[in-house]
Amino acid sequence: MSALKDVADLNEAEARDEHARLARELGKHDKAYYQDDAPKISDAAYDSLRQRIEAIEARFPQLVDLFSPTQRVGAAPSGKFGEITHAVPMLSLGNAFNDEDVEDFVARIRRFLGLAEADDVVITAEPKIDGLSASLRYENGQLVSGATRGDGATGEDVTRNLLTLKDIPHALPGKNWPRVVEVRGEVYMSHEDFAALNERQVEQGKAEYKNPRNAAAGSLRQIDPAITAQRPLRFFAYAWGEVSEPLAQSQYAAVHRFDEWGFQTNSYMKQCGSVAEILAVYRDIERQRATLGYDIDGVVYKLDRLDWQERLGFVSRAPRWAIAHKFPAEQATTILEGIDIQVGRTGSLTPVARLKPVTVGGVVVSNVTLHNEDEILRKDVRVGDTVVVQRAGDVIPQIVRVADPERSDRAAPFDFPHNCPVCGSHAVREHDEKTGKLDAVRRCTGGMICDAQLSRSLEHFVSRKAFDIEGFGTKQVEAFHAEGLVREPSEIFTLRERNKSGVIQPPLQSREGWGETSVSNLFNAIDERRSISLARVLNALGIRHIGEGTAQLLARTYGSWALFFDAARQLDDETTRAEMLAIDGIGETALEALDQYFSETHNVEALERLVAQLTIEDVAQVAAESPVAGKTVVFTGTLERMTRDEAKAKAQALGAKVSGSVSKKTDYLVAGPGAGSKAKKAADLGVETLTEDDWFKLIGES
Ligand code: IVH
């Protein structure tokens, strides 16, 4: 568990690393929630992961890509049902977490629409039902299909299941409906029905559902609609998709048409004329939350005028005209029994609060990071205090505050160690040279003599984005290290030999938990990783500020271990420094970290021992099959999506030769705006000229 930096303090490489990690994590949680109906974290924890990735993307917009979780809603359909492509995408909602966010929401609407102060803005407020959304398509008054949200674009065809819900009319009564109308809303289960269902489940020896939302999702997504029919599912209508003619002029009136057609709509929906009124409704709904009889997790606000909704439109996955005001994360109080210090891979000392185990938001919490010593001071947490714990942050729960700061018999303030608790070396707080500010983190200066740093480094070395050795993960490497069998990365690769020659005693295969086959599998898996890409090796070294993204940049630029190693050892040389700094994405901080690492003789020696065990693939080798391999490329004009150095490095990494002038041998001229004589020469010689976008398309990165 490591302390999270403020997004404002992240450099690009760190942001890229964390973004990738968060994207993976959110992807996993989306699947668990939307496809498996078995979330692993609370909604509040999920929201804070999402807030964090959004904050990172706001600061580093270059990290937003199609796969970013912020660009999709939910998870793709699971494949259990047929698919239905929504005629109008089913979007999600942005979140507000406090009063100020709500004020901002209304102010944004006013600004966007250019409204004067005197113009009235009416907003509806209604409970946010904690179920799963569904879209019901009626043609000529008949229900023709029903779908789950899926990933927002395509959902699952659960028509037959939805037809079993008594709240869902099979046909719209009367004649007063559009020829096509998609009614959208939430499928949910009441508390009472949920308890009864779980009782039945237990009687039948089946697993209980964790909460009403999962029960609703699990019940709706039964392959056999007869089972769904036995489940007491309900439906609130609150929105719509495709409509062949407008439903009304306001949100409020549109929803009331659903009433006329026999749908249940939420009676707590109110029209509000000011932020104060909105917040009053929020507090009123929050007060009644426990007695509603079904789960809600916030209040949804929607701009009432539909013509204004239309003008505001959508941004990425959510409408600008609506927002979900979430209820605060769940809190609990418990006793802080102690503060442990963990030593990270880069020597960071992280204080971790040991708590008397307590359940918060359905999860037992016993350890909570306190981030760093300033945080301990700021919150003035002391051993023995009663603390308020909240499961909101980062999947990582937080201590919000001390519940009883006035208590007279409190322990003395925590004395943060100035020596590493593992190796005893001095632990210091460095000064940032540029800002002159003291680093928030105290670090052990022991480097590789520190067992904790070594062990964490080895864990990083074998991690998924690094050497990724099958069957050799954190647990194994920790055990091997503790026993002294692997003290540095190179020793992973000499295990087989040492085991065979009898240096390792008793031999691995005769140890408990191991056998001939598992040992041989492990050695084979290790051997498979002897041949490895340069980027993975660079990432695996775990040098500060050199994460996965930076490792890739370096690998692409230098192309081979030999060239990189040469450069890294000569970072006191002006030209070498300048060359490295010319790489877009490598700044002073990364360069300093590299310089420091490669100035240490013991690091260089350990590296040489490692490299002797490996075949590090050159980047060009990897790129042999790229569409531009072996081609000669010239770049000219102003490039807008990449710097000239980056363009050159990229082309070279893909196996192309980059030349400074156009000749008969040139295969492609990539010309940005302002291209002059080279463009003319290329045209004269019949050399193919590409725009920057064409180039990206050609290399498959458009
Ligand atoms: S309106 C375009 N209203 O919340 C906006 N959504 O986090 C459509 N939800 O996907 C959604 N109660 O599943 C809306 N009263 C309500 C809601 C509600 C629950 C869910 C819905 C939506 C999700 C967004």
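Quantities reported herein were computed from a predicted structural model and do not represent experimental measurements.

Undergrad: Sorry if this is basic, but what is going on with helix α18 (residues 561-569) here?
TA: Because each turn of an α-helix spans 3.6 residues, side chains separated by three or four positions in sequence point in the same direction. Buried residues of α18: W561, F564, F565, A567 and A568, and no others. All buried residues of α18 project into a common sector of 165° when viewed along the axis, lining one side. Lining the buried residues of α18 we find α16 (534-540), α17 (548-558), α19 (574-581), α20 (588-599), α21 (601-611) and β22 (615-617).

Undergrad: Looking at this structure, how should I read the site of the ligand?
TA: The environment of the ligand is formed by 14 residues, the closest being E126, I129, R149, E186 and K302. Within the side chain of K302, one N or O atom sits 3.0 Å away from a nitrogen atom of the ligand. Look at the ligand: alone it shows 530 Å² of surface, and the protein chains cover 88% of it. For the shell around the ligand, the leading source of residues is strand β3 (residues 123-129), giving four residues. For the shell around the ligand, the residue count by class is seven nonpolar, two polar and five charged.

Undergrad: Could you clarify how one ought to interpret the sheet that holds strand β9 (residues 270-272) in this entry?
TA: What links the strands of a sheet is backbone hydrogen bonding, and the strands pair in either a parallel or an antiparallel sense. Reading across the sheet, the five strands line up as β2-β13-β10-β3-β9 and stay open at both edges, with mixed pairing between neighbours. With partners counted over all chains shown, the strands left at the sheet margins are β2 (94-96) and β9, one partner each. With strand direction ignored, the average angle separating the axes of adjacent strands in the sheet is 35°. Looking at chain direction, strand β10 (residues 296-303) and strand β13 (residues 322-326) are connected through five bridges and run antiparallel. Bridge pairing in β13 links Y301 to I323. Against the sheet, helix α9 (residues 275-288) makes contact with β3, β9, β10 and β13, and its axis sits at roughly 155° relative to β10, the strand it touches most.

Undergrad: Please explain α9 as it appears in this structure.
TA: The first and last C-alpha atoms of α9 sit 20 Å apart over 14 residues, in line with the 20 Å expected at 1.5 Å per residue. Considered for burial, the residues of α9 that qualify are V275, I278, L279, V281, Y282 and I285. An end-on view of α9 places all buried positions within 155° of arc, on one side of the element. Along α9, the residues that are exposed and aim more than 90 degrees away from the buried face are A276 and R287. At its buried positions, α9 is contacted by α3 (99-113), β3, β9, β10 and β13.

Undergrad: Could you clarify how one ought to interpret the pattern of salt bridges in this entry?
TA: If the charged atoms of two oppositely charged side chains come close together, the side chains can form a pair. Considering all chains together, one arrives at 45 salt bridges under this definition. A salt bridge links D527 to R496; its shortest N-O distance comes to 2.8 Å. Taken together, the residues D527 in helix α15 (residues 516-528) and R496 in helix α14 (residues 495-500) connect sequence positions 31 residues apart. Across the pair R577 and E592 runs a salt bridge whose closest N-O atoms are separated by 2.9 Å. Remark: E592 occurs in helix α20 and R577 occurs in helix α19; sequence separation between them is 15 residues. Looking at R577, the relative accessible area reads 17%, which means it is buried. Shared partners join several salt bridges into a network, and the residues in it are D380, R382, D385, D404, R407, D409 and R410.

What counts, and at which threshold
Residues numbered from 1 in each chain as written. Predicted model: local features only at pLDDT ≥ 70, side-chain atom pairs only at ≥ 80, totals over all residues. Heavy atoms only, no water. Buried < 20%, exposed > 50% of the residue type's maximum accessible area, 1.4 Å probe, protein only. Helix = DSSP H or I, 4+ residues; strand = E, 2+ residues; numbered from the N terminus. Arc of directions from axis to C-beta. Contact = heavy atoms within 4.5 Å. Near = heavy atom within 4 Å. Polar contact = N/O pair within 3.5 Å; in protein donor to acceptor, adjacent residues only side chain to side chain. Areas by Shrake-Rupley, 256 points an atom, 1.4 Å probe, with all protein chains shown as cover. Nonpolar A, V, L, I, M, F, W, Y, C, P; charged D, E, K, R; others polar. Pairing = 2+ DSSP bridges. Axes fitted to C-alpha atoms, helices over the stretch in contact; angles between N-to-C directions. Expected span 1.5 Å × (residues − 1). Salt bridge = Lys/Arg side-chain N within 4 Å of Asp/Glu carboxyl O.

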